[in-house]
Amino acid sequence: MKKYTTLNLITVFIVSFMAWIYCIAVAVLGLIYNAYPGQDNISVLIATLPTVFTMIAAFAATVLFRIMPRKWLTIASMAVALVAGIAILAMDMPIWGVVICSAILGIPAGIIPGANASVLPMIAPEKLKDKVAGIHTGLMMLGMAAFTFLAGVSAGDNFRSAYKVISVLIVAIALSIFFYPDVDRDMKMGLIKNPEAEMNIVTSGSSDHRAKLKMPPVTIIAPLVYFVGAVFWNAWYMNYSDLVINDLNIGGAALAGTIGSLGSVAGCIAGFFVAFWIKATKSWSMPLAFIITGICFMVPVMIPNTGGCYIAGFANQFFNIFIVSGLTTYGSLGTEGTRYATICMPLISVAEGGGVFLCGYLLPVFGNIFGGGPRANLQAACIIMVILGIITVFLMRPIHKQVYGGGKDRETQTNIS
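Presented here is an overview of the structure given in this document.

### A look at the overall build of the protein chain
Move 1: Counting its secondary structure elements, the protein chain contains 22 helices and 0 strands.
Move 2: What you see for the protein chain is a C-alpha radius of gyration of 22 Å, in line with the 22 Å of a compact globule of 417 residues.
Move 3: Once the C-alpha set of the protein chain is aligned to its principal axes, its extents read approximately 70 × 50 × 30 Å.
Move 4: Sequence separation of 24 or more characterises 81% of the internal contacts of the protein chain that already satisfy a separation of 6 or more.
Move 5: Accessible surface, the protein chain as shown: approximately 17100 Å² in total, 70% of it carbon and sulfur.
Move 6: On the protein chain, the mean spot of the 24 positive side-chain charges and the mean spot of the 17 negative ones are 10 Å from each other.

Shown next as structure tokens:
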């Protein structure tokens, strides 16, 4: 069987870092307003259309991954984003051109998470299989923070200068051409384990054969739990700025931005510890993460000051990423090497975008029960997250047993088939 190198693994991680490069556009939105005065109703689309393109690309990936190797689809998504970014940098285009090109930058965010999350368990050493999804998520968040910062520093007074940052994609594309593993080709050639091919060796009339070919429950359960949860765990992301500036009146945009940045740091850190969280809490990992995330929403309600918001910002994002990376880990390991991996992983990306979108509309409906406003929204989200945590006890127990073999450590298990 083919053994992949450390360079292959590092290349995939570098690509993970590039996933959310569309943050370049959002970071300089204010400068774009200034560059196109009187067209704010069009410019504002730069803040929303990239995520729409992300959802479309992620949904399309459930089909595209079946007909095109993940390696080359990933490279194509980065190449398209590179061309769009260079176009903004080099051409003096009307506002609609900037909007469309900025939206195209959202395509890698729809392709890369699903591709990398399904490829990583296939190429990682056995002792790292349960850790790579968390590292992948942590690097995506780190990339988001880095691109936002670099775009702001590079822009100066000209928003187009921010798009110089897009040049990092040249390095990622070059490395991917040579070192991103083409696992789809290798499976067809029999160079790596193909669980579905091995299933076909079993006598076709046996009940065991028919059972093994069934879709693993995690294929649907992980994206479904992710989608419903994302509607409510994004409560902090959607409300913290309004909470700090308008509700608690404890500071302005600078304080809100600092609290948001602290949350991003917490998310990056959490991504590297997800596997240890799952190992320690086992089938309770997702229920506890849901419940603790919900409780964190109540911190600024009970401690309505700067310290309470700092604590909530860090703790919420930390345990939130335990859910995000945890569900990704369960999905990638539970479908490893099968065609269902290319369904489950893109659907999780769709669930992320859909959950963020609906959060802004559904959460205030529940928040109105408590009087409306950011604090009421957080109270409502707390209650719902605790309820979801209780529900996931029953959903995640059989999935944990499938992926981790009951109470045994992942490292003692053979590859999932």
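From this point on, the discussion continues.
### Points about the packing of aromatic side chains
Within a pair of aromatic rings, the relevant descriptors are the distance that separates the centres and the angle that separates the planes.
Move 1: Under the counting rule described, the total for this entry stands at 16 aromatic pairs.
Move 2: A centroid spacing of 5.1 Å and a plane angle of 75° characterise the contact between Y226 and W233, whose relative ring orientation is edge-to-face. Here Y226 and W233 have matching classes, each one buried.
Move 3: When the ring of F357 is compared with that of Y361, the centres are 5.2 Å apart and the planes differ by 50°; the resulting orientation is tilted. Of the two residues, F357 and Y361 are both situated in helix α21 (residues 341-367); the distance of 4 residues between them amounts to about one turn of the helix.

### Focus on the environment of I10
Move 1: If you trace the backbone, I10 turns up in helix α1 (residues 6-18).
Move 2: Along the sequence, I10 and P37 sit 27 residues apart, while their C-alpha atoms lie 44 Å from each other.

### Remarks on a nonpolar patch on the surface
Move 1: A surface patch of nonpolar side chains, about 1000 Å² in accessible area, is lined by F357, Y361, L362, V365, F366, I369, F370, I383, I387, I391 and L395.
Move 2: Residue assignment for the nonpolar patch shows that the elements contributing at least two residues are α21 and α22 (374-404).
Move 3: If you trace the backbone, L362 turns up in helix α21.
Move 4: Note on L362: relative accessible area 37%, which makes it partly exposed.

### Describing the environment of D130
Move 1: Relative to the helices and strands, D130 is located in the loop between α8 (107-123) and α9 (132-155).
Move 2: When its relative accessible area of 7% is taken as the criterion, D130 is described as buried.

### Concerning α9
Move 1: Helix length check: α9, at 24 residues, gives a terminal C-alpha distance of 34 Å against a target of 34 Å (1.5 Å per residue), a fit within 8%.
Move 2: Once α9 ends, the next one or two residues include G156, with phi positive near 65°.

### Describing the packing of α1 against α8
Move 1: Across the interface, α1 lies against α8 with an axial gap of 10 Å and an inter-helix angle of 160°. Here α1 lies roughly antiparallel to α8, going by the angle between them. Relative to α8, α1 is oriented so that their crossing is left-handed. Residue-level contacts link N8, L9, V12, F13, V15, S16 and M18 of α1 to I112, N116, L120 and I123 of α8.
Move 2: By residue class, the composition of the contact of α1 with α8 is 8 nonpolar, 3 polar and no charged.

### Overview of unusual backbone geometry
Trans is the common state for peptide bonds, and a negative phi is the common state for residues other than glycine.
Move 1: Non-glycine residue N249 carries a positive phi angle of around 55°.
Move 2: Inspection of the secondary structure puts N249 in the loop between α15 (235-247) and α16 (253-271).
Move 3: Even without being glycine, K282 reaches a positive phi, approximately 55°.
Move 4: Residue placement: K282 occurs in the loop between α17 (274-281) and α18 (285-296).
Move 5: Given the relative accessible area of 34%, K282 is considered partly exposed.

### Thoughts on the environment of G307
Move 1: In this structure, G307 sits in helix α20 (residues 306-334).
Move 2: Of the residues examined, G307 reaches a relative accessible area of 34% and is grouped as partly exposed.
Move 3: In this structure, the C-alpha to C-alpha distance between G307 and M68, residues 239 residues apart in sequence, is 50 Å.

### Quick look at the pattern of salt bridges
Opposite charge on two side chains allows them to pair when their charged atoms are near.
Move 1: Applying the stated rule across the entire model yields 7 salt bridges.
Move 2: Residue R70 pairs with D184 through a salt bridge whose shortest N-O separation is 2.9 Å. Here the residue R70 occupies a position in helix α6 (residues 70-90), and D184 occupies one in helix α11 (residues 183-188), the gap between them amounting to 114 residues.
Move 3: For K131, the salt bridge goes to D130, with nearest N and O atoms at 3.4 Å. Grouping residues by exposure puts K131 and D130 together as buried.

### Focus: the side chain of D184
Move 1: Owing to a relative accessible area of 13%, D184 belongs among the buried residues under this scheme.
Move 2: At a separation of 2.9 Å, a polar atom in the side chain of D184 contacts the main-chain amide nitrogen of R70.
Move 3: Apart from the residues within four sequence positions on either side, D184 is in contact with P69 and R70.

Basis of the calculations
- Residues numbered from 1 in each chain as written.
- Predicted model: local features only at pLDDT ≥ 70, side-chain atom pairs only at ≥ 80, totals over all residues.
- Heavy atoms only, no water.
- Helix = DSSP H or I, 4+ residues; strand = E, 2+ residues; numbered from the N terminus.
- Rg over C-alpha atoms; globule rule 2.2 N^0.38 Å.
- Contact = heavy atoms within 4.5 Å.
- Areas by Shrake-Rupley, 256 points an atom, 1.4 Å probe, with all protein chains shown as cover.
- Lys, Arg positive; Asp, Glu negative; His and termini not counted.
- Charge placed at Lys NZ, Arg CZ, Asp CG, Glu CD.
- Phe/Tyr/Trp six-rings, centres within 6.5 Å; stacked < 30°, edge-to-face > 60°.
- Buried < 20%, exposed > 50% of the residue type's maximum accessible area, 1.4 Å probe, protein only.
- Patch = residues over 30% accessible without salt bridge, like charges linked within 9 Å, V, L, I, M, F, W, Y side chains within 5 Å.
- Salt bridge = Lys/Arg side-chain N within 4 Å of Asp/Glu carboxyl O.
- Expected span 1.5 Å × (residues − 1).
- Axes fitted to C-alpha atoms, helices over the stretch in contact; angles between N-to-C directions.
- Parallel < 35°, antiparallel > 145°, perpendicular 65-115°, else oblique.
- Left-handed = near helix turned anticlockwise from the far one by under 90°.
- Nonpolar A, V, L, I, M, F, W, Y, C, P; charged D, E, K, R; others polar.
- Polar contact = N/O pair within 3.5 Å; in protein donor to acceptor, adjacent residues only side chain to side chain.

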